[in-house]
Amino acid sequence: MFVRRLGQAMAWGVVGMGAQAAMAAVPHAEGGDIAGHVVLVPNPGQSVAPGELVDTVVYFVPKAGIPHVKPGTYNVNSVDMDFRPGAMAVPAGSKITFANLDQVLHNVYSSTPGSVFDYQFQKVGDVVERRFTTPGTVLVSCNVHHFMEFDLLVLPTPYVASVAADGSFTMHHVPAGAGTLYFWNPRAVLKSQVVAAPAHDITQRLVAIKPRVTTELHLGEQP
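These numbers come from a predicted model, not from an experiment.

Chemist: So what exactly am I meant to see when it comes to the sheet that holds strand β9 (residues 127-132) here?
Modeler: Two pairing modes exist for strands in a sheet, parallel and antiparallel, and in both the strands are linked by backbone hydrogen bonds. The four strands are arranged β4-β3-β6-β9 in an open sheet whose pairing can be described as mixed. The open sheet has two edge strands, β4 (83-84) and β9, and neither has a second partner.

Here's what the structure looks like:
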């Protein structure tokens, strides 16, 4: 028997309450592109394989406010005592279904500020749902098997770019003006830097502190 439940995260996060309220269609002067390069280096005890940078996302939050993003619905499964995929990026407001496809009890919970929830035990075949509205990173775990982790990035902006295997990225049609540029890879800590768009030759160094996991990037509609 499937159990389906919806949840709503609290409305505060990386961009803050003011910027969250400003997520409406607001006009911006044309700014052009933001381009640069990301480097992923291993922490002691870790290694980085060629091409891993394709799991990296760069996104821009203008100081003047950002338009709405279009959410979607995505799936995460508990299989072989693991979350699959192990990491995901989604637009803010997206719904994720968590299904237990294992033959053992599981649990889905998060203690991340702004996205706190606990769905208790999941029997075989159970499905629970959660809508994620708080921008930033969310760590989802299993309270039965503490080694199980799912890393989520909730994107509050349509100004997003994926990073190529060589570390390069280009974000098109970015509004002119100041804002914050964020850099995310599921193996590293979320990093940011203040920039003024348009901007080129941006560089950012990320440090891999966790093993690589299967990653899905759902970046939404681009401007």
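Chemist: Even after reading the chapter, I still don't get the nonpolar core, so can you show me in this structure?
Modeler: Among soluble globular proteins, nonpolar side chains are generally buried collectively. The biggest cluster of nonpolar side chains holds 33 residues, and the ones touching the most others in it are I34, V57, F60, F169, M171 and L181. Among the elements that make up this core, the one with the highest residue count is strand β2 (residues 57-62) (five residues). The contacts of F169, once residues within four sequence positions are left out, are I34, A35, G36, H37, V38, V58, S162, V163, L181, F183 and I202. Formed by 21 residues, the second largest nonpolar core is a distinct cluster that contains V90, Y119, V138 and V140.

Chemist: Would you mind showing me how to read the pattern of salt bridges here?
Modeler: Oppositely charged side chains can pair when the atoms bearing their charge come close. A full pass over the atoms with the stated rule returns seven salt bridges. Measuring nitrogen to oxygen at the nearest pair gives 3.3 Å for the salt bridge that ties D80 to R84. With a closest N to O distance of 2.8 Å, K210 and D151 form a salt bridge. On the criterion of sequence distance, the pair formed by K210 in the loop between β16 (199-208) and β17 (215-217) and D151 in strand β11 (residues 149-155) is long-range, its members being 59 residues apart.

Rules behind the numbers
Residues numbered from 1 in each chain as written. Predicted model: local features only at pLDDT ≥ 70, side-chain atom pairs only at ≥ 80, totals over all residues. Heavy atoms only, no water. Pairing = 2+ DSSP bridges. Helix = DSSP H or I, 4+ residues; strand = E, 2+ residues; numbered from the N terminus. Core = buried A, V, L, I, M, F, W, Y, C linked by side-chain atoms within 4.5 Å. Buried < 20%, exposed > 50% of the residue type's maximum accessible area, 1.4 Å probe, protein only. Contact = heavy atoms within 4.5 Å. Salt bridge = Lys/Arg side-chain N within 4 Å of Asp/Glu carboxyl O.

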